[in-house]
Amino acid sequence: MNHIKSIHSPACQIGLFAILVQGCALLVRNSYYLFVLNIVGINIIVVIGLNLLMGYAGQISLGHAAFYAIGAYLSAILTVTYGFPAWPTLFLALIITAGVAYVIGIPIMRLEGHYLVMATLGFGIILYIVLIQWDDVTGGPSGFAGIEPLHIGSLTFDSDRRFCYLIWPCVLLTLWGSLNLVRSRVGRGLMALRSDELVASCTGVNTEGYKVKVFVLSAVLASLAGSLYAHYIGFVSPGTFSFFYSIQVVTMVIVGGLGSLWGSVLGAALLTVLPEFLGIFQTYNVLMYGLVLMVVLVFFPEGLLPGLWFALQKTHRKHR
Amino acid sequence: MKEGKVILECCGLRKRFGGLMVLNNISFQVPTGKITALIGPNGAGKTTVLNAITGVFPLDEGNILFKGHSLNGLKSFKVVECGIARTFQNVRIFPDMTVLDNVMVGCHAKTRSGFIDALLHLPAMRREETAIRQCSIEVIERLGISEKDTLAGSLSLVGQKKVEIARALASRPELLMLDEPASGLSGDETRQLAEALIEIGQEGITILLIEHDMNLVMGISDHVVVLNYGEKIADGPPESVQKNDRVLAAYLGC
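Predicted model, so just to flag it, every value in this text is computed and none were measured.

Draft legend 1. Representation of helix α9 (residues 185-195) of chain A within the structure. Counting buried positions along α9(A) yields 11 of 11 residues, so the element is predominantly enclosed. For α9(A), the set of buried residues is Arg185(A), Val186(A), Gly187(A), Arg188(A), Gly189(A), Leu190(A), Met191(A), Ala192(A), Leu193(A), Arg194(A) and Ser195(A).

Here you go:
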């Protein structure tokens, strides 16, 4: 019984996961695969944040690319144009994103369902237009280059392998914090809110406050991923932060499983890696991508990880 | 009602939905430590009174005092923090959460730890978490719920009603408001419910009961308030209310 319990503790799960990732990173010799592994890590951070908002609090955002962009562009512009130091800028970007999310979150989080989707979508599109039109600051459609890699002391995260040792600890930390959150008083409040907002409020949950706070938290995580992305790639352009990225992360959340953080890890990994493997289908790769999505959602409507878990339990019961 | 203290006082409540006057100048008092029943035919405005007290919607006019403090304009979660808990007419538990989690949500009003404490898994938050769990398990055991780890949505109606009451009790309320707890229960189950309510009352929790089952109401309440078409038509001890002509007319149509 004791060791079963310990498997359920976040710290233990994350430890096992860290060993797995470390194993992957060591086995992979090809730097392109390491690059994909790093992008998986960046996406996981965004997707976990979005899952806290969508899967736990039940609020949909189709504008998360905007917060990802705010982090990336603030890091880029402030360090290159104004010569700010990289790490403080990253934290400044987190604070600014939190402020922006808080200010727009208060009116937006009063909306429900389709209206909330429209509002977040609108915010994403407005920010995208700003990135393109404000070209003397953002570099416009051609992008913004020359962002230096991050470094700690003399260790510079300038290669794919080195960046791996920066991004994955961030992923593990995000995962640890989020697993703690969903298993806490606040996590239960969020789930109650998703289940029945009126009743949650009459049970003592500050539903409006929670919605805004979880929106801010998920925006901050997107911003963190954005800053790391900017320093890793060294170049940002509006195309990365378009509406399609918002859709992509929402898809990752849904494929992995709403309300399943490990599902988000799986969803982000699968949908980031899949297009790379589908290269073998050449012209048909987009078609295959769509097909895989459809198959997953038809057979595992509750998401890949919860679906597989359920199937596993069913066969286990049959064998007993 | 001069003797004894009053925990909740409603003065001149008015509420209009479109052209319909749902509450028309309703005033009544809930004495501390007693079981008060709020009864009336369907559409009399009983649940509207409950919703007004818990801040689900604002009143057009009137004042609600809880232990002398006005509840007007307070958000629902603040009302719970003041010490008022409620259940709903058609059982409304969180079906996709376990029984224990449902009840643990009920502890929200009396606990503090927030996002930062939870994200960082701070010791204060872990201590609070243990206390929440302990308190919830106590309430669950006291109400005789045996399956605390099953999903609340998979329980029978009786089970779900118990979970709802347990969730309300977990907030350690001074005033517990129950909206038709006996509807859909068999005679035996209603008797068990009555016993449980009397027991809760003996612990010093004031109860405001909305109910259709007259045997239950007359059997356990100390004080009865009767509404009809948004107006109060009677108010007093059960024996006198039962003999009231207007009440008989409202219920029997004669």
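Draft legend 2. A look at the interface of chain B and chain A. Contact residues are listed per partner, giving 32 residues for chain B and 23 residues for chain A. Listed by contribution, the elements that provide at least two residues to the side of chain B that touches chain A are α2 (76-82), α3 (99-106), α4 (115-120) and α5 (123-142) of chain B. Residues that form the side of chain B that touches chain A fall into these classes: 16 nonpolar, nine polar and seven charged.

Draft legend 3. Structural view of the pairing of strand β2 (residues 20-31) of chain B. All names here are of chain B. With eight bridges connecting them, strand β1 (residues 6-17) and β2 associate as antiparallel partners. From the neighbouring strand, Arg-16 faces β2, where its bridge partner is Met-21. What sits between the antiparallel neighbours β1 and β2 is a turn of two residues, in which Gly-18 has the positive phi angle 60°.

Draft legend 4. Inspection of the sheet that holds strand β9 (residues 223-228) of chain B at higher detail. Residue and element names in this part refer to chain B. Within the open sheet, the six strands sit side by side as β6-β7-β8-β3-β9-β10. Their pairing is mixed. The sheet is open, and its two edges are formed by β6 (84-86) and β10 (231-236), each paired on a single side. This sheet shows a mean twist of 15° between the axes of neighbouring strands, independent of strand direction. With four bridges joining them, strand β3 (residues 35-39) and β9 adopt parallel strand pairing. Residue pairing across strands places Thr-36 opposite His-223, the latter belonging to β9.

Draft legend 5. The environment of Asn102(B), seen in detail. Residues and elements named next belong to chain B. Topologically, Asn-102 is positioned in helix α3. Placed 16 residues apart in sequence, Asn-102 and Arg-86 show a C-alpha to C-alpha distance of 14 Å. For Asn-102, the residues in contact, after removing those within four places along its chain, are Ile-93, Phe-94, Met-97, Ala-152, Val-163 and Arg-167.

Draft legend 6. Structural view of the pairing of strand β7 (residues 175-179) of chain B. Residues and elements named next belong to chain B. Of all five residues that make up β7, five are buried, and the element is covered over most of its length. Neither face of β7 is exposed, since Leu-175, Met-177 and Asp-179 on one face and Leu-176 and Leu-178 on the opposite face are all buried. Here β6 runs beside β7; their pairing, made up of three bridges, is parallel. If you follow Ala-85 over to β7, its bridge partner there is Leu-176. Sheet topology places β7 next to strand β8 (residues 206-210); five bridges connect them, and they run parallel. What sits directly across from Asp-179, in β8, is Ile-210. A crossover links β7 with its parallel partner β8, the connecting element being helix α7 (residues 187-202), and its sense is right-handed.

Draft legend 7. Spotlight on the sheet that holds β1(B). Residue and element names in this part refer to chain B. An order of β2-β1-β4-β5 is seen for the four strands of this open sheet, with the pairing classed as antiparallel. The sheet terminates laterally at β2 and β5 (69-70), the two strands that pair on one side only. Note: strand β4 (residues 61-66) against β5, two bridges, orientation antiparallel. If you follow Leu-65 over to β5, its bridge partner there is Ser-70.

Draft legend 8. Summary view of the nonpolar core. One finds Tyr68(A), Ala69(A), Ala225(A) and Leu176(B) to be the most contacted residues of the largest nonpolar core, which totals 165 residues. No other element matches helix α11 (residues 207-233) of chain A, which puts 16 residues into this core. Taken domain by domain, the makeup of this core includes at least three residues from each of domain 1 (1-83 + 173-254) and domain 2 (94-172) of chain B. When residues no more than four places from it in sequence are discounted, the contact partners of Ala69(A) are Leu127(A), Leu131(A), Gly226(A) and Phe241(A).

Draft legend 9. Region of interest: the domain arrangement of chain B. Residues and elements named next belong to chain B. Partitioning chain B into domains gives domain 1 (1-83 + 173-254) and domain 2 (94-172). The centre of domain 1, based on its C-alpha atoms, is set 26 Å off from the matching centre of domain 2. At the junction of the two partners, domain 1 supplies nine residues and domain 2 supplies 10 residues. Of all the secondary structure elements, the ones that give two or more residues to the side of domain 1 that touches domain 2 are α2 and α7. Residue classes in the side of domain 1 that touches domain 2 are distributed as six nonpolar, one polar and two charged.

Draft legend 10. Unusual backbone geometry, seen in detail. Residue and element names in this part refer to chain B. At Lys-67, a position not held by glycine, the phi torsion is positive, near 50°. Its 16 C-beta neighbours within 10 Å are what place Lys-67 among the partly exposed residues. Unlike most non-glycine residues, Glu-180 shows phi in positive territory, near 50°. Mapped onto the fold, Glu-180 is located in the loop between β7 and α7. Exposure remark for Glu-180: the 20 C-beta atoms within 10 Å place this residue in the buried category.

Draft legend 11. Layout of the packing of α9(A) against α11(A). All names here are of chain A. At a minimum axis separation of 10 Å, α9 and α11 run at an interaxial angle of 110°. Compared by their axis directions, α9 and α11 come out roughly perpendicular. Seen from α9, the contacting residues are Gly-189, Leu-190 and Leu-193; seen from α11, they are Thr-207, Tyr-210 and Val-214. Here the residues of the contact of α9 with α11 sort into four nonpolar, two polar and no charged.

Draft legend 12. Up close: α11(A). Residue and element names in this part refer to chain A. With 27 residues, α11 ought to run about 39 Å at 1.5 Å a step, and its terminal C-alpha atoms sit 39 Å apart, in line with that. Burial analysis of α11 places 24 of its 27 residues in the buried class, which makes it a mostly covered element. Where α11 ends, the next residue or the one after it, Gly-234, has phi of about 80°, a positive value.

Draft legend 13. Quick peek at the environment of Leu227(B). All names here are of chain B. Here Leu-227 shows up in strand β9. A residue is classified by how many C-beta atoms lie within 10 Å of it, and Leu-227, with 26 of them, is buried. Excluding residues that lie within four positions of it along the chain, Leu-227 makes contacts with Ile-26, Leu-38, Gly-40, Ala-44, Gly-45, Lys-46 and Lys-232.

Draft legend 14. Fine view of the confidence of the model for chain B. Residues and elements named next belong to chain B. With 98% of its residues at a pLDDT of 70 or more, chain B shows a mean pLDDT of 91. Within chain B, β6 carries the highest mean pLDDT (96), whereas helix α10 (residues 245-252) carries the lowest (82). Confidence metrics for the complex model read pTM 0.92 and ipTM 0.91.

Draft legend 15. Structural context of the packing of helix α2 (residues 10-27) of chain A against helix α8 (residues 160-182) of chain A. Residues and elements named next belong to chain A. Viewed as axis vectors pointing N to C, α2 and α8 meet at an angle of 160°, and their least axial separation amounts to 10 Å. Comparing their axes, α8 and α2 come out roughly antiparallel. In this structure, α2 crosses over α8, and the sense of that crossing is right-handed. Where α2 abuts α8, its residues Pro-10, Ile-14, Ala-18, Val-21 and Ala-25 lie against Cys-164, Trp-168, Leu-172, Leu-175, Trp-176, Leu-179 and Asn-180. Among the residues making up the contact of α2 with α8, the classes are represented as 11 nonpolar, one polar and no charged.

Conventions used here
Residues numbered from 1 in each chain as written. Chains lettered and ligands numbered in written order. Predicted model: local features only at pLDDT ≥ 70, side-chain atom pairs only at ≥ 80, totals over all residues. Buried ≥ 20, exposed ≤ 12 C-beta atoms within 10 Å, placed from the backbone. Helix = DSSP H or I, 4+ residues; strand = E, 2+ residues; numbered from the N terminus. Contact = placed C-beta atoms within 7 Å. Nonpolar A, V, L, I, M, F, W, Y, C, P; charged D, E, K, R; others polar. Pairing = 2+ DSSP bridges. Axes fitted to C-alpha atoms, helices over the stretch in contact; angles between N-to-C directions. Right-handed = clockwise from strand over helix to strand, strands pointing away. Core = buried A, V, L, I, M, F, W, Y, C linked by C-beta atoms within 7 Å. Domains from an automatic or database assignment. Parallel < 35°, antiparallel > 145°, perpendicular 65-115°, else oblique. Expected span 1.5 Å × (residues − 1). pLDDT = per-residue confidence, 0-100. Left-handed = near helix turned anticlockwise from the far one by under 90°.

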